[in-house]
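Summary of the model geometry
As a plain string of letters, each chain reads:
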Amino acid sequence: MTKTELAYTGIYTDWTREAILAEVEKQMKPSRFQHVLRVEACSIQLAEKYGAAVEACSLAALLHDFSKEHDPESMKAIVLSEGMDSEMTGYGSEIMHGPVGAYYAKTLFGITDEAILGAIRQHTIGGETMTLIGKVLFIADYIESGRAFKGVDEARRLAEDSLDEAAYFKIEKTIIHLVKKELPIYPGTIYVYNSWIQRKVGKSE
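Conventions we followed
- Numbering of residues begins from 1 in every chain and follows the order in which that chain's sequence is written.
- Note on the predicted model: pLDDT of at least 70 is required for a residue's local features to be given, and 80 or more for side-chain atom pairs to be given and counted; whole-chain, interface and lining totals, by contrast, use all residues.
- The side-chain numbers reported here are obtained from all heavy atoms of the structure, hydrogens and water having been left aside.
- Here a strand is any run of E in DSSP of at least two residues, a helix any run of H or I of at least four, and the numbering for each starts at the N terminus.
- Radius of gyration here is computed from C-alpha atoms only, and the compact-globule reference equals 2.2 Å multiplied by the residue count raised to the power 0.38.
- The buried label applies to any residue whose accessible area, calculated with a 1.4 Å probe on protein chains only, is under 20% of its type's maximum; exposed applies above 50%, and partly exposed to all values in between.
- Surface exposure here means Shrake-Rupley accessible area, sampled with a 1.4 Å probe, where a residue is shielded only by the protein chains that are shown.
- All tallies of charge rest on Lys and Arg as positive and Asp and Glu as negative; His and the ends of each chain are not included.
- Charged groups are reduced to one reference atom each: NZ for lysine, CZ for arginine, CG for aspartic acid, CD for glutamic acid.
- Salt-bridge detection follows one rule: a side-chain nitrogen of Lys or Arg within 4 Å of a carboxyl oxygen of Asp or Glu.
- UniProt positions are given in the numbering used here, feature names are shortened, and annotations may be inferred rather than shown by experiment.
- Whether two residues touch is decided by their heavy atoms; if any such pair falls within 4.5 Å, the residues are in contact.

Attention now moves to the overall build of the chain. Tallying secondary structure elements over the chain gives 10 helices and 0 strands in all. In the chain, the succession of helices and strands from N to C terminus is α-α-α-α-α-α-α-α-α-α. The C-alpha atoms of the chain give 16 Å as radius of gyration, which agrees with the globular expectation for 205 residues (17 Å, within 12%). Overall, the chain is about 50 × 40 × 30 Å in size when its C-alpha atoms are taken along their principal axes. When each of the 205 residues of the chain is scored for burial, the buried share is 48%. When the accessible surface of the chain is totalled, it reaches about 10200 Å², and 52% of it is carbon and sulfur. The average position of the 23 basic charges and that of the 30 acidic charges among the side chains of the chain differ by 5 Å.

Laid out in structure tokens, this is it:
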């Protein structure tokens, strides 16, 4: 993988990229850290293509899975103490790690830019509305070069033409996957799907 050469300017955080990388690497197993680096590389490519702030997209990508391997009980404690949706606690780290990751991005790394925090918060299920940075991370996490699931090539093709079309594709396929696996669906995921499908149908009418 090509090494990312990006020096942070201090606009969003006092931390250097190298210091953030070192802290992120401590939070996860090597395979996940490599995933994070691939998501960053993909995010930068999408940011350059669609005119998003490259440094902001890099930061969101590096921190998006910061909490993924944290103890679920510690995540639950943060969800409850910070007044987040308590219903998340019944769906495990898969749902909690985005909002909890945004909490650490703010409290540990000093990031206050809401577009970055929102992107981290929403990167798993998406959002009823999403910023450009949010869409970049949401899609990059799905199509980074290490992904090999059925349908990823279609998602990559869509991302070449439209972030919205790629985002809708991911949202739809996630719902289908959960239903086929007979897994419970966090209500927020349904709200996101409903919002996107209503806009999609509205455009086609």
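Anyway, onward from the coordinates.
This model, assessed by the stated rule, comprises 14 salt bridges. A salt bridge links Glu40 to Arg17; its shortest N-O distance comes to 2.8 Å. Separated by 23 residues along the polypeptide, Glu40 in helix α2 (residues 30-50) and Arg17 in helix α1 (residues 17-26) bring together distant segments of the chain. The burial state of Glu40 is the same as that of Arg17; both residues are buried. In this structure, the salt-bridge partner of Arg157 is Glu154, at a minimum N-O distance of 2.8 Å. Pair noted here: Arg157 and Glu154 are both in helix α8 (residues 152-161), with a separation of 3 residues, about one helical turn. Arg157 gets classed as partly exposed once you look at its relative accessible area, which sits at 44%.

With that settled, the discussion passes to the UniProt feature "domain: HD" (unreviewed entry) in the chain. Taken from the UniProt record, the annotation "domain: HD" (unreviewed entry) applies to residues 32-146. As a span, residues 32-146 carries 66% helix and 0% strand, and end to end its C-alpha atoms are 11 Å apart.

This part takes up unusual backbone geometry. Here Glu182, not a glycine, exhibits a phi torsion of approximately 55°, which is positive. Tracing the backbone shows Glu182 in the loop between α9 (163-180) and α10 (187-204).

For the rest of this paragraph, the subject is helix α3 (residues 54-63). Most of α3 is tucked away: 9 of the 10 residues are buried. Listed in full, the buried residues belonging to α3 are Glu55, Ala56, Cys57, Ser58, Leu59, Ala60, Ala61, Leu62 and Leu63. Those residues of α3 that are buried are in contact with α1, α2, α5 (92-107), α6 (114-122) and α7 (132-143).

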